[in-house]
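Observations on chain architecture
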Amino acid sequence: MTGALRVGVLGGADIARRRMLPALAADPDVELVAVASRDATRACDLAHRFGGRPVTGYDEVLAAGDVDAVYVPLPAALHAEWVRRALIAGKHVLSEKPLTTDATTTSALVSLARVRGLALLENVLFVHHPQHAVARQLVADGAIGEPRVFSAAFAVPPRPDGDIRYRADLGGGALLDVGYYPVRAALELLGPGLTVAGAVLDSSEGRTVDTSGAALLRGPGGVTAHLAFGMEHAYRSRYEIWGSAGHLVVEPAFTPPAGHRPRLSLTGPGGQREVVLGADDQVAATVRAFVRAARGGPVDARTEALAVRQAELLDEIRAAADRVASPLPGGHG
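Below, the structure is looked at part by part. This one's a predicted model, so the numbers in the text were calculated from it and none came from an experiment.

Reading guide: rules and limits
- Residues numbered from 1 in each chain as written.
- Predicted model: local features only at pLDDT ≥ 70, side-chain atom pairs only at ≥ 80, totals over all residues.
- Heavy atoms only, no water.
- Helix = DSSP H or I, 4+ residues; strand = E, 2+ residues; numbered from the N terminus.
- Contact = heavy atoms within 4.5 Å.
- Salt bridge = Lys/Arg side-chain N within 4 Å of Asp/Glu carboxyl O.
- Pairing = 2+ DSSP bridges.
- Axes fitted to C-alpha atoms, helices over the stretch in contact; angles between N-to-C directions.
- Phe/Tyr/Trp six-rings, centres within 6.5 Å; stacked < 30°, edge-to-face > 60°.
- Buried < 20%, exposed > 50% of the residue type's maximum accessible area, 1.4 Å probe, protein only.
- Parallel < 35°, antiparallel > 145°, perpendicular 65-115°, else oblique.
- Left-handed = near helix turned anticlockwise from the far one by under 90°.
- Expected span 1.5 Å × (residues − 1).
- Bend = angle between axes of the 7 residues up to and from the residue.
- Core = buried A, V, L, I, M, F, W, Y, C linked by side-chain atoms within 4.5 Å.

Considering unusual backbone geometry
Here the amide bond leading from Lys97 into Pro98 is cis, since omega sits at -10°, within 30 degrees of zero. Structurally, the position occupied by Pro98 is in the loop between strand S5 (92-96) and helix H5 (103-116). Each neighbour pair has its own omega, and for Glu251 with Pro252 the value is 0°, a cis peptide bond.

Quick notes on the environment of Thr56
In this fold, Thr56 is placed in strand S3 (residues 53-56). Between the C-alpha atom of Thr56 and that of Ala234, which follows or precedes it by 178 residues, the distance is 38 Å. Ignoring sequence-local partners within four residues, the contact set of Thr56 consists of Ser37, Arg38 and Ala40.

What to know about the pattern of salt bridges
This model, assessed by the stated rule, comprises 26 salt bridges. Arg18 serves as the salt-bridge partner of Asp14, at 2.7 Å between the closest nitrogen and oxygen. In this pair, Asp14 and Arg18 are both assigned in helix H1 (residues 14-26), four residues apart and thus about one turn of the helix distant. For Arg309, the salt bridge is made with Glu316, and the minimal N-O distance between the two is 3.2 Å. Via salt bridges that share partners, Lys97, Arg159, Asp163, Arg165 and Asp177 belong to a single interconnected network.

So, the sheet that holds strand S1 (residues 5-10)
Within the open sheet, the six strands sit side by side as S3-S2-S1-S4-S5-S6. Their pairing is parallel. Edge strands, defined here as strands with exactly one partner in the open sheet, are S3 and strand S6 (120-123). Neighbour to neighbour, the strand axes of the sheet diverge by 20° on average, direction disregarded. In this sheet, strand S4 (residues 69-72) lies alongside S1 in parallel orientation, the contact comprising three bridges. If you follow Val7 over to S4, its bridge partner there is Ala69. Lying on the sheet, H1 is in contact with S1, strand S2 (30-37), S4, S5 and S6; it crosses S4 at an angle near 155°.

Brief notes about the packing of aromatic side chains
Throughout the structure, instances matching the rule amount to ten aromatic pairs. Measuring from centroid to centroid gives 5.1 Å for Tyr58 and Trp82, while their planes differ by 85°, and the two rings are edge-to-face. With Tyr58 in the loop between S3 and helix H3 (59-63) and Trp82 in helix H4 (residues 76-88), this pair connects stretches of sequence that are 24 residues apart. Owing to a relative accessible area of 6%, Tyr58 belongs among the buried residues under this scheme. In textbook terms, an aromatic cluster arises when at least three aromatic residues are bridged by ring pairs, as seen for Phe126, Phe150, Phe154, Tyr180, Tyr181, Tyr235, Tyr239 and Phe254.

A short note on the packing of H1 against helix H2 (residues 40-50)
Look at H1 against H2: their axes get within 10 Å of each other, and the N-to-C directions meet at 45°. One way to sum up the angle between H1 and H2 is to call them oblique. As for the relative orientation of H1 and H2, their crossing is right-handed in sense. Only Arg42, Leu46, Arg49 and Phe50 of H2 make contact with H1, whose side of the interface consists of Arg17, Leu21, Pro22 and Ala25.

Quick notes on H1
Between its first and last C-alpha, H1 extends 18 Å over 13 residues, near the 18 Å set by a 1.5 Å rise per residue. Met20 marks the point of greatest bend in H1, at about 45°, and the proline Pro22 comes within the next four residues.

A word on the nonpolar core
Counting 49 residues, the largest nonpolar core has Phe150, Tyr239 and Leu248 as its most contacted members. Among the elements that make up this core, the one with the highest residue count is helix H7 (residues 174-190) (eleven residues). The contacts of Leu248, once residues within four sequence positions are left out, are Ala135, Leu138, Val139, Ile144, Tyr239, Glu240, Ile241, Leu264, Ser265 and Leu266. In this structure, Ala16, Ala23, Leu94 and Val287 belong to the second largest nonpolar core, which totals 26 residues.

Here is the structure:
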């Protein structure tokens, strides 16, 4: 593929408006050619702000000959249908996470993309920030000795009533929305050989989806991962790797602003120090990664394998969870 990647957008979700559409419009290797919404007024507004032609409904974008790839920011429960349609239509796909709401469907879509020679990328922004590659390298170099415990937390304050995150029929709930992040961080830092030792999912009063949770995972060599997540909390975004000779803390881990200069806190045999990195925009980096994948063929095998293993672990956490329905302080009720 030569020239700009011609992208159509299926939906105008909050993350599309705030993060992805500005990044797509700003990338010199992307041409935003169509923005679709079921609401014609919203489609016109988004097209006016970011470029491309407004489209009412999604099928027209998939049928368009001038669209090479689509970005899918629809609610989680709708991803499987529209990602599958896009792949069958011959489009590369960047889908919001989670790619689907279950591992079987995720695996099927990954296989479909591979067979059709198309790029299918799950929009996991934080994995494209270089601070995590630095963290992995420090651990691999023995800066904290042998890893013993990984802990991660991602939580956000309550959303307004009616937000799709509170709708079970749209794939809402804390596990898929925010629990995704600490699970993926564990996979990125500890590898795919993790299994679920236990889990809890809580629902605050009046909610039909899980609004907080925790999971205990275990990996090869006795390492454990303690994960916490929720959407009825003060904001938290961090992980820590505790080893036989020290520990490493990354905070903020999952949603650092583009201008943020990461300061990784490292304590090891030589004492405590900060590893200071340059600022980076993980949203722009994700767009660049998608363009590379679309130009070069299917997503690499490691990325595919992690997407499937991620979905499997989320299924396993859901299956293992002790479910509690109780009022949480500050919750809905």
